[in-house]
Amino acid sequence: MATVFQKPSTLTDAKLHYCPGCTHGIIHRLVAEAIESLGIDGITVGVAPVGCSVMAYDYFTCDMVQAPHGRAPAVATGLKRARPENIVFTYQGDGDLAAIGTAETVHSATRGENITIIFVNNAIYGMTGGQMAPTTLPGQVTQTTPYGRDTSIAGFPVRVCEMLSTLDGVEYAERVSVDTVPNINNAARAIKKAFQNQIDKKGFSIVEVVSTCPTNWGLTPVEALGWLRENMLPYYPLGVYKDRSAGKETK
Amino acid sequence: MAERILMKGNEALAEAAIRAGCRHFFGYPITPQTEISAYMAKKMPKVGGLYLQAESEVAAINMVLGAASAGVRTMTSSSSPGISLKTEGISYIAGSDLPCVIIDIQRGGPGLGGIQPSQADYWQATKATGHGDFQLLVFAPSTVQEMANTVFDAFELAEKYRMPAMIFADGMLGQMMEPVTFPEREPEISEKPWAADGHKGQRTHNIINSLYLQPQDLERLVRERFERYDVIKKTEVRYDEFMTEDADILLVAYGATARIVKSAVVEARSKGIKAGLLRPITLWPFPSEAIAAAAANTKAILCVEMSMGQMVDDVRLAVGGKQVDFFGRTGGIIPTPAEVLAQIEELARR
Amino acid sequence: MAKMTVDESVCKGCGLCVEVCPKKIVTLDQSHLNAKGYHPASVTDQALCIGCAMCAKMCPDCAITVER
C-alpha cells in the first residue's frame, strides 16, 4: 500500500494547542504543504502574530519570528528587505491584521512588498476569549457585543480582500474557505500560488481564509462549519479579488 | 590622514552608521532628526543599502525587528514623540535578544511639546523604553565627533550583548555643525548563528520570540539577561572628567548641556572657584562609581539638565545621601553658561 | 484495499472526520478516552474504506494517515 495522505514534513512534532475542531490546524497544514511541495523550507522565514496562532513558531519547521500584535507585515518587510533571497510569510488573524495592524497591512500591500500573507478570518478574537473582531458580522453576539454587533455603535465589518484589491501594490488577493474538502483543496491551491508568486518576485500576495472558532462561537465543530456557510460566506464571498499577472484587477 | 569634514550632527550620525556597516535603515519623518532620514535616503542606494520610509514609527521599529532577526546591522531614528511610539517594538526587540541601534534626537515634551532641544526623556531612555524588565545601552555624545564615534560602539556592543542600543542626543547636537573626522575603523560584524535567515537544511529552525507562558521560563530568561547587564555595568561604563581632581563643586551633566557646563566651569575657575565636570557618556550603564569617587571630597554637587530633573535621581543614588542640587531649563530652552555660573557661584558662597 | 489510521495521541475528538466520511465508517470511540481526555476517532469497518483521504484533509490536527 502507498501512503495517500500523511502529515507534511514541514510541520514539527509539536502538538497543536488549538481547541478541538479549530480550522487553524487545517490552514497550518496547507501552509506547510505549500512549503514542502515548493521545496523552500530551508529558505523560508515565517512571522507569527499575536492571537490564537501566536505559537505558530513552534509548529513550522522553517525559521520563525514572533511579531508584536499587528506588526507582522512590518516585521516581514524587515526580514524580506534584509534577505530578499528568502521566502517570508506572515500568518495572522483578523484582530491582528484588520484592527491593530491595519496600517501595517495596508502599507505593506501598497508598497508591494514581495511577501505572502495568510489571513485567518473567523470573525472573533479567539485567544482572549471571544470579543468582537473587525470582521465580526452585524448582529453577531460576542463577549463585547452581548446584544449582537450594533453597527450604529460598533460600525461595520472590514472586507479585507475587497479593500486591498484596490491597491496598485497588490499582486494577488483571494478569499477561500476550509469548510469542505473541495474548499480545502481550493485553499491549498491558493496558498501555494501565494508562495509561488513570491518565488517569481511578483509581489504582495494575500490569501484570506474564512475559518471557524467553535469554542467562542459556542457551537460544536460541525455546527461551526454550518454557521460559517450560512453567515460568513454571504458576507465574505469566496473568490479571486485580484490577480494582476492574470489580468484580473477587481472582482 | 583622514579628512576633516564640516557636518551637522544628524548627518554625521548617518554617515558613521553607513561606515559602520549599516545597510538597512527604516525611518519616519520627525523634527529635529529628519536630516538622518534624508541623508540615508540619498546615500544608501549608492552603497547598495536600503532606506525605507515606514508608515509610522511603530512600523519602522518593527521593520528593524525583522531586519535584526534576519541578522543584518539595522537602525532607526526618531525624536521624542516618535520614540514613545517605538517603545512597543523596543520592548519586543529587547525581549527577543536582538541587536539594533535606535537614535533619539530629543525635543521638548510632553505631548507634541516643541521642536527645540530637550533632555526630558532621560527617564524614558534609561528606565522605561517599553514594558518589562529590560535595559538599553544608552550613549549620550556631546559633540558631532563623538556622535560619529559612538555609532560604531553602539552597533558593536549591541551585537556583543544582543540588545538594543540607543544614541541619545538632542536637537542642538543634531542640528549643529562641527568638524568631524570619521574613525578609520573597519566594522566588526559578528556571526549570528541565532538569526532567522533560513536554515538551508543545515540546522533545526531558529525561533526569534519574546513569549514565554511558563513564568519559570520567563524569569530564568530575564535573570540571564540581567546577568549580562551586570557584566555591562562592570565593563562598559563611559564618562569624561574635566577638572574634577581638586574640585570643590562637582557638576554632572551630559550631552549638549555638558558643553555649556564646561564653559561655566572654565569661567568659575577663572574666578577662583574650584569647579569640575563629570560627564556621563553612557547613561545606562550609569557611571555611579565614578561620580561617587569624584564627589568624595567636594563641598557641593550640582546636576544640570535640559529637563525638570531626571538624571539627578541617579546622581543622588550614586552619592548616597549627600546633597545634590539641581539646575535645569526645560521646554526647549538651552541653559546659558551665565545661568550655570550663577548657580556655581551661589554654591561657592554657601 | 485502503487503510485509515488515527494517531490517538493527537486526536481531539472534534468529529470533523466523522462528518466528512462518505462511507460513514468513522466514529468517535465512546469506549475509551485518550491521554488528552477525548474520545478519539476510529474506524468501524476498515474494509469499507476507499482511501479518499477526506477525513485526513478535514482533520485539523494531522492525526490521520491514509494508505491505499
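Conventions we followed
- Residues numbered from 1 in each chain as written.
- Chains lettered and ligands numbered in written order.
- Predicted model: local features only at pLDDT ≥ 70, side-chain atom pairs only at ≥ 80, totals over all residues.
- Heavy atoms only, no water.
- Axes fitted to C-alpha atoms, helices over the stretch in contact; angles between N-to-C directions.
- Helix = DSSP H or I, 4+ residues; strand = E, 2+ residues; numbered from the N terminus.
- Parallel < 35°, antiparallel > 145°, perpendicular 65-115°, else oblique.
- Contact = heavy atoms within 4.5 Å.
- Nonpolar A, V, L, I, M, F, W, Y, C, P; charged D, E, K, R; others polar.
- Buried area = accessible area lost by both parts, 1.4 Å probe.
- Salt bridge = Lys/Arg side-chain N within 4 Å of Asp/Glu carboxyl O.
- Polar contact = N/O pair within 3.5 Å; in protein donor to acceptor, adjacent residues only side chain to side chain.
- Pairing = 2+ DSSP bridges.
- Buried < 20%, exposed > 50% of the residue type's maximum accessible area, 1.4 Å probe, protein only.
- Lys, Arg positive; Asp, Glu negative; His and termini not counted.
- Domains from an automatic or database assignment.

1. Focus: the packing of helix α2 (residues 72–82) of chain A against helix α4 (residues 102–110) of chain A
Residue and element names in this part refer to chain A.
Working step 1: At a minimum axis separation of 7 Å, α2 and α4 run at an interaxial angle of 40°. Comparing the axis directions of α2 and α4 gives the class oblique. Facing α2, whose interface residues are Pro 73, Ala 74 and Thr 77, α4 presents Glu 104, Thr 105 and Ser 108.
Working step 2: Each residue belonging to the contact of α2 with α4 can be placed in one class, and the counts come to two nonpolar, three polar and one charged.

2. Describing the interface of chain A and chain C
Working step 1: Taken together, the contacts link 29 residues of chain A with 28 residues of chain C.
Working step 2: Between chain A and chain C, a total of about 2,200 Å² is buried, with carbon and sulfur atoms accounting for 69% of that surface.
Working step 3: Sorting the residues of chain A by area buried against chain C places A:Met1, A:Phe5 and A:Val181 first, and these three jointly supply 29% of that buried surface.
Working step 4: Along the contact surface separating chain A from chain C lie zero salt bridges.
Working step 5: Across the chain A-chain C interface, the total number found is nine residue pairs in polar contact (both at pLDDT 80 or more).

3. Section: the sheet that holds strand β14 (residues 300–305) of chain B
Residues and elements named next belong to chain B.
Working step 1: Spatial ordering of the open sheet is given by β10-β12-β11-β14-β15, a layout of five strands whose pairing is mixed. A strand with exactly one partner marks an edge of an open sheet, and here the two such strands are β10 (239–242) and β15 (325–328). Going from strand to strand, the sheet's axes swing by 20° on average, the running direction of each strand aside.
Working step 2: Of the strands in this sheet, β10, β11 (249–252), β12 (275–280) and β14 are in contact with helix α9 (residues 255–270), which crosses β12 at around 165°.

4. So, the side chain of A:Lys80
Residue and element names in this part refer to chain A.
Working step 1: Its place among the elements puts Lys 80 in helix α2.
Working step 2: At 7.5 Å, Glu 85 is the nearest oppositely charged side chain to Lys 80, a buried residue that forms no salt bridge.
Working step 3: There is a polar contact of 3.1 Å between the side chain of Lys 80 and the backbone oxygen of Pro 84.
Working step 4: For Lys 80, the side chain forms a polar contact with the side chain of Gln 198, separated by 3.0 Å.
Working step 5: Leaving out residues up to four positions away in the same chain, Lys 80 has contacts with Asn 86, Ile 87, Val 88, Asn 114, Ile 115 and Gln 198.

5. A few points about helix α1 (residues 9–19) of chain B
Residues and elements named next belong to chain B.
Working step 1: For α1, the tally of buried residues reaches nine of eleven residues, placing the bulk of the element in the interior.
Working step 2: Inspection of α1 places Gly 9, Asn 10, Ala 12, Leu 13, Ala 14, Glu 15, Ala 16, Ala 17 and Ile 18 among the buried residues, and these make up the whole buried set.
Working step 3: Of the residues trailing α1, Gly 21 is marked for its positive phi of about 100°.

6. Remarks on the pairing of strand β8 (residues 177–181) of chain B
Residues and elements named next belong to chain B.
Working step 1: Covered by surrounding structure in β8 are Glu 178 and Val 180 only, the residues Met 177, Pro 179 and Thr 181 on the alternate face being uncovered.
Working step 2: With five bridges connecting them, strand β1 (residues 4–8) and β8 associate as antiparallel partners. Opposite Ile 5, over in β8, you have Val 180 as the bridge partner.

7. Quick look at the pattern of salt bridges
Working step 1: Tallying each qualifying case throughout the model produces 37 salt bridges over all chains.
Working step 2: Notably, a salt bridge pairs B:Glu55 with A:Arg111, separated by 2.9 Å at the nearest N-O pair. One end of the pair, B:Glu55, is in the loop between β3 (50–53) and α3 (57–69); the other, A:Arg111, is in the loop between α4 and β5 (116–121), on a second chain.
Working step 3: Owing to a relative accessible area of 23%, A:Arg111 belongs among the partly exposed residues under this scheme.
Working step 4: For B:Asp314, the salt bridge goes to B:Lys127, with nearest N and O atoms at 2.7 Å.

8. As for the sheet that holds strand β6 (residues 170–177) of chain A
Strand pairs in the sheet, formed through backbone hydrogen bonds, run parallel or antiparallel to each other.
Working step 1: One open sheet accounts for eight strands, arranged β8(A)-β6(A)-β7(A)-β5(A)-β4(A)-β2(A)-β3(A)-β9(B); its pairing is mixed. At either end of the open sheet lies a strand with only one pairing partner, and these are β8 (239–243) of chain A together with β9 (207–208) of chain B.
Working step 2: Bridging between strand β2 (residues 44–48) of chain A and strand β3 (residues 63–66) of chain A involves four bridges; their strand directions are parallel. Across the sheet, residue A:Gly46 finds its bridge partner in β3(A), namely A:Met64.
Working step 3: In the packing of helix α9 (residues 221–235) of chain A onto the sheet, contacts are made with β5, β6 and β7 (204–210) of chain A, and the angle to β7(A) comes to roughly 135°.

9. Structural notes on the domain arrangement of chain B
Residue and element names in this part refer to chain B.
Working step 1: We note that the domain assignment places domain 1 (4–235) and domain 2 (240–349) within chain B.
Working step 2: Measuring from the centre of the C-alpha atoms in domain 1 to the corresponding centre in domain 2 gives 28 Å.
Working step 3: Each partner contributes residues to the interface: domain 1 has 31 residues there, and domain 2 has 25 residues.
Working step 4: Taken together, the two surfaces of domain 1 and domain 2 that pack against each other cover about 2,400 Å², and 57% of this comes from carbon and sulfur.
Working step 5: There are three salt bridges connecting domain 1 and domain 2.
Working step 6: Glu 178 is the salt-bridge partner of Arg 259, the closest N and O atoms lying 2.5 Å from each other.
Working step 7: For the side of domain 1 that touches domain 2, the elements supplying multiple residues, two or more each, are α5 (122–126), β6 (137–139), β7 (164–170), α7 (171–175) and α8 (215–235).

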